[in-house]
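The lines below spell out each chain.
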Amino acid sequence: MNILIQGGGRGIGLALARQALAAGARQLVVTARNPRNSAAHAEFGGDARVTFLPLDITDDVAIRNAADEIKVLVPRLDRVICTSGILREGDINPEKRIADIDAEALVTLYRVNALGPVLLARELWPLLKGDHALQFSAISARVGSISDNRLGGWYSYRASKAALNQLMRTLSIELARANPNASVATLHPGTVDTDLSKPFQGNVPADKLFTADDSAAQLWRVLDGLTPADTGTLFAYDGSVIPY
Ligand SMILES: NC(=O)c1ccc[n+]([C@@H]2O[C@H](COP(=O)([O-])OP(=O)(O)OC[C@H]3O[C@@H](n4cnc5c(N)ncnc54)[C@H](OP(=O)(O)O)[C@@H]3O)[C@@H](O)[C@H]2O)c1
């Protein structure tokens with residue numbers, strides 16, 4: 001399999017890269033903003049199957065450049081997993097109330113959390129279309145489900161993940177016409193012990209906090225079981241469908 005893990009340098013993405021290698025990936029492309037300094041590079045930088053590419057998903061030119069390099073490496077992609085996501089960064093923190101909303105912060109979260117996978121799909125289109133089996137996925141979050149929102153708060157993160165779900169659903173419809181054996185999915189990884197969740201783990205019972213490897217193993221099984229009939233769906237780590 002030729003596999004791309006966008007945002008594979010650390011966290012859940014790194015654990016998914018481990019899954020890809022354990023599953024016998026022929027070519028694995030791992031992107032990160034600074035791949036040479038990433039935990040993934042420290043772990044399998046010497047593996048000939050792995051190519052590291054720099055990619056800031058908010059940079060359109062960088063997306064095009066990375067896609068061009070991938071087109072030289074592989075004739076088609078069999079599995080793509082987009083993982084980039086932020087909940088807080090710099091001065092940006094998840095909102096507790098309406099007074100906390102800031103337009104710039106909202107746009108930043110949309111750029112990182114929602115837009116990346118479809119911009120990448122646009123540039124990678126020649127490697128996605130055809131008739132080969134393909135799973136194209138992005139890590140979303142249960143809190144992006146509109147029907148499941150009973151607690152409120154986290155306006156920007158929730159909205160950006162809901163936007164991601166809609167963009168991927170729309171992609172699923174177009175990709176089905178370009179490749180009948182493709183499936184597109186958004187994935188909820190559970191609550192996972194990574195940099196992203198660290199400040200918010202206080203109220204999470206120990207048995208509800210997954211390691212990145214546990215989560216990635218479950219997500220990998222969900223991707224293995226995907227069929228074109230499932231395309232355009234938000235799945236939890238255990239394979240259950242989360243309504244939008
Ligand atoms: N942890 C959880 O409990 C949890 C729950 C639900 C959903 N998620 C989702 O799971 C995904 C992975 O998060 P994680 O928990 O593994 O967190 P993490 O360890 O903080 O990793 C965040 C990832 O996002 C990437 N990223 C951030 N900004 C980026 C940008 N501008 N361009 C490219 N990549 C960027 C990072 O890449 P660099 O290495 O280049 O910084 C890194 O790979 C996210 O989409 C998150 O929303 C996590």
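Thresholds applied
- Residues numbered from 1 in each chain as written.
- Predicted model: local features only at pLDDT ≥ 70, side-chain atom pairs only at ≥ 80, totals over all residues.
- Bend = angle between axes of the 7 residues up to and from the residue.
- Helix = DSSP H or I, 4+ residues; strand = E, 2+ residues; numbered from the N terminus.
- Buried ≥ 20, exposed ≤ 12 C-beta atoms within 10 Å, placed from the backbone.
- Contact = placed C-beta atoms within 7 Å.
- Core = buried A, V, L, I, M, F, W, Y, C linked by C-beta atoms within 7 Å.
- Pairing = 2+ DSSP bridges.
- Right-handed = clockwise from strand over helix to strand, strands pointing away.
- Axes fitted to C-alpha atoms, helices over the stretch in contact; angles between N-to-C directions.
- Parallel < 35°, antiparallel > 145°, perpendicular 65-115°, else oblique.
- Left-handed = near helix turned anticlockwise from the far one by under 90°.
- Nonpolar A, V, L, I, M, F, W, Y, C, P; charged D, E, K, R; others polar.

### A look at helix H4 (residues 103–128)
Line of reasoning, step 1. Along H4, the helix axis deviates most sharply at Leu 115, where the bend reaches about 60°; the proline Pro 117 sits within four residues downstream.
Line of reasoning, step 2. For H4, the full list of buried residues reads Ala 105, Leu 109, Asn 113, Ala 114, Gly 116, Pro 117, Leu 119, Leu 120, Ala 121, Leu 124, Leu 127 and Leu 128.
Line of reasoning, step 3. Of the surrounding secondary structure, the elements contacted by the buried residues of H4 are strand S1 (2–6), helix H3 (60–73), strand S4 (79–82), strand S5 (134–139), helix H5 (155–178) and strand S6 (182–188).
Line of reasoning, step 4. Following H4 by one or two positions, Gly 130 has its phi on the positive side, about 130°.

### Section: the nonpolar core
Line of reasoning, step 1. The biggest cluster of nonpolar side chains holds 58 residues, and the ones touching the most others in it are Leu 16, Val 30 and Leu 128.
Line of reasoning, step 2. In contact with Val 30, not counting residues within four places along its chain, are Ile 5, Gly 8, Gly 9, Ala 17, Pro 35, Ala 40, Val 50 and Phe 52.
Line of reasoning, step 3. Of all hydrophobic cores here, the second largest spans 5 residues; its members include Ala 105, Leu 109, Trp 154 and Tyr 157.

### Comments concerning the pairing of S5
Line of reasoning, step 1. Burial of S5 is extensive: 6 of the 6 residues sit out of reach of the surface.
Line of reasoning, step 2. Alternating positions in S5 separate into two faces, Leu 134, Phe 136 and Ala 138 on one and Gln 135, Ser 137 and Ile 139 on the other, with burial throughout.
Line of reasoning, step 3. Of the pairings in the sheet, the one linking S4 to S5 comprises 4 bridges and is parallel in character. Each bridged residue has a counterpart across the sheet, and for Cys 82 the counterpart in S5 is Ala 138.
Line of reasoning, step 4. With H4 bridging S4 and its parallel neighbour S5, the resulting β-α-β unit is right-handed.
Line of reasoning, step 5. In this fold, S5 hands off to H5, which returns the chain to S6; that crossover is right-handed.

### Digging into the environment of Ile 173
Line of reasoning, step 1. Locating Ile 173 in the fold gives a position in helix H5.
Line of reasoning, step 2. Taking the number of C-beta atoms within 10 Å as the measure of exposure, Ile 173 has 11 and is therefore exposed.
Line of reasoning, step 3. Taking C-alpha positions, Ile 173 is 9.6 Å from Ser 183, a pair spaced 10 residues apart along the chain.

### Topic: the packing of H3 against H4
Line of reasoning, step 1. Remark: H3 packs on H4, axes separated minimally by 9 Å, with the N-to-C direction vectors making an angle of 20°. Between H3 and H4, the interaxial angle falls into the category roughly parallel. Two packed elements cross with a definite hand, and for H3 against H4 that hand is right-handed. Together, Asp 60, Ile 63, Arg 64, Ala 67, Ile 70 and Lys 71 of H3 and Leu 119, Leu 120, Glu 123, Leu 124, Pro 126 and Leu 127 of H4 make up the contact between the two elements.
Line of reasoning, step 2. Grouping the amino acids of the contact of H3 with H4 by side-chain chemistry returns 8 nonpolar, no polar and 4 charged.

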